[in-house]
Amino acid sequence: MVRPTLDAVPENGPVVGVLALQGDVREHQRAIAECGLRSTLVRRPVELAGVDALILPGGESTTMSRLLVVFDLMEPLRTRLAEGMPAYGACAGMILLSREILDGTPDQRSLAALDVVVRRNAFGRQVDSFEADLEFSGLPGGSVRAVFIRAPWVEQVGSRVEVLARVPDAPTAGSAAGRIVAIRQGCVLGTAFHPELTGDRRVHQLFCEMVRQSRVRACR
Ligand code: GLN
């Protein structure tokens, strides 16, 4: 596959912010560039105000929740999400976007942009990280190799949430079999895994397409 270089990223068109309080920020910026969109780092409310969409990367959701408060981003971010800004949360980012967090810390807050209940570190301490091939609804080109790192899963979804991927139902998967690990609600996407780490850009391409479409038709 020929990937566009950074020079190929247009000077106009939407700008995707990457929340840069913590976590693997650069990998998401590279993925966005390879999908042909501009990106910028977001740490302050004024930077959030300047972006058309936001990626919330993986990291540690308890820390990120605290940093969102410290950096005065919690309320502006809630407002932008309520107004329909497209967002993509990977792993800790998906936890932050959810309505309810199980096994969180008492002071942990979330943004309630996805009508889902997630469980932190759901796959258990003994499986710190693992990989799996997932059937991912709507993505061309076959299964997606997914990297899970102290990952959450989704335990409940609301009626407007589309389930995009589940852990395969293999006998070795144990209690993880069939668990929901990718979801979408309107312009908000969540994955329990880290597509920025594999070089397969299809999940970021899906998000970039959601961002482009949101300019044509607002999403709520
Ligand atoms: N376990 C982390 C949390 O609860 C998420 C891990 C990750 O983002 N890779 O926030």
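The structure reproduced in this document is the subject of the present report. Numbers given to residues run from 1 along each chain, matching the order in which its sequence is written. Totals for whole chains, interfaces and linings use all residues, but because this is a predicted model, local features are given only for residues with pLDDT of at least 70 and pairs of side-chain atoms are given and counted only at 80 or more. The side-chain values count all of the structure's non-hydrogen atoms but skip hydrogen atoms and water molecules.

Here we look at the overall build of the protein
Then, in step 1: Scanning the protein from terminus to terminus reveals six helices and twelve strands.
Then, in step 2: Note on method: radius of gyration uses C-alpha positions; expected globular size equals 2.2 Å times residues raised to 0.38. On C-alpha atoms alone, the protein measures out to a radius of gyration of 16 Å, which is about the 17 Å that the 2.2 N^0.38 rule sets for 220 residues.
Then, in step 3: A simple rule labels every residue: compare its accessible area, found with a 1.4 Å probe on the protein chains alone, to the largest value its type can have, and call it buried under 20%, exposed over 50%, or partly exposed in between. Out of the 220 residues in the protein, the part that is buried amounts to 50%.
Then, in step 4: Note on definitions: a residue-residue contact is assigned when non-hydrogen atoms from the two residues lie within 4.5 Å. Counting only contacts in the protein whose residues sit at least 6 apart along the sequence, the fraction spanning at least 24 positions is 65%.
Then, in step 5: Only carbon and sulfur atoms are counted for the fraction: they give 48% of the accessible area of the protein, which is about 10,300 Å².
Then, in step 6: Side chains of the protein give 26 positive and 25 negative charges; the mean places of these two sets differ by 3 Å. Helix numbering and strand numbering both begin at the N terminus, where a helix is a DSSP run of H or I of at least 4 residues and a strand a DSSP run of E of at least 2. A 1.4 Å probe and the Shrake-Rupley method give the accessible areas. Residues count as covered only by the protein chains that appear here. Only four residue types enter the charge count, namely Lys and Arg as positive and Asp and Glu as negative; His and the chain termini do not. To locate a charge, take NZ of a lysine, CZ of an arginine, CG of an aspartate or CD of a glutamate.

Some thoughts on the site of the ligand
Then, in step 1: If a single non-hydrogen atom of a residue is within 4 Å of a molecule or strand, that residue counts as near it. By nearness alone, every residue bordering the ligand is listed as Gly58, Gly59, Glu60, Ser61, Cys91, Ala92, Ile95, Arg120, Asn121, Ile149, Arg150 and His194.
Then, in step 2: At 2.4 Å from an oxygen atom of the ligand is found a main-chain nitrogen or oxygen belonging to Ser61.
Then, in step 3: Polar contact is defined as a pair of N or O atoms within 3.5 Å, subject to the rule that within protein one atom must be able to donate a hydrogen and the other to accept it, and that residues adjacent in sequence are counted only when both atoms are side-chain atoms. The separation between a nitrogen atom of the ligand and a polar side-chain atom of His194 is 2.9 Å.
Then, in step 4: Across the complex, the protein chains shield 98% of the 300 Å² of accessible surface that the ligand would expose by itself.

Comments concerning the packing of aromatic side chains
Then, in step 1: Here the aromatic set is Phe, Tyr and Trp, taking the six-membered ring for Trp, and pairing holds for ring centres within 6.5 Å; pairs whose planes are under 30 degrees apart are stacked, those over 60 apart are edge-to-face, and all others are tilted. Scanning all chains against the criterion turns up seven aromatic pairs.
Then, in step 2: Consider the rings of Phe123 and Phe148, whose centres lie 5.5 Å apart with planes at 55°: the pair is tilted. Residue Phe123 is found in the loop between β6 (114–119) and β7 (129–134), and its partner Phe148 is found in strand β8 (residues 144–149); the two are separated by 25 residues along the sequence. Across the pair, Phe148 and Phe123 agree in class, each one buried.
Then, in step 3: Ring plane angle 5° and centroid distance 4.6 Å describe the contact between Phe130 and Phe148, whose orientation is recorded as stacked. Remark: Phe148 occurs in strand β8 and Phe130 occurs in strand β7; sequence separation between them is 18 residues.
Then, in step 4: A residue is classified by how much of its surface remains accessible, and Phe130, at 24% relative accessible area, is partly exposed.
Then, in step 5: Phe148 sits in the buried class, given a relative accessible area of 1%.
Then, in step 6: An aromatic cluster of at least three residues, connected via ring pairs, comprises Phe123, Phe130, Phe136, Phe148, Trp153 and Phe193.

Everything listed here is a matter of geometry and, on its own, says nothing about what the molecule does.
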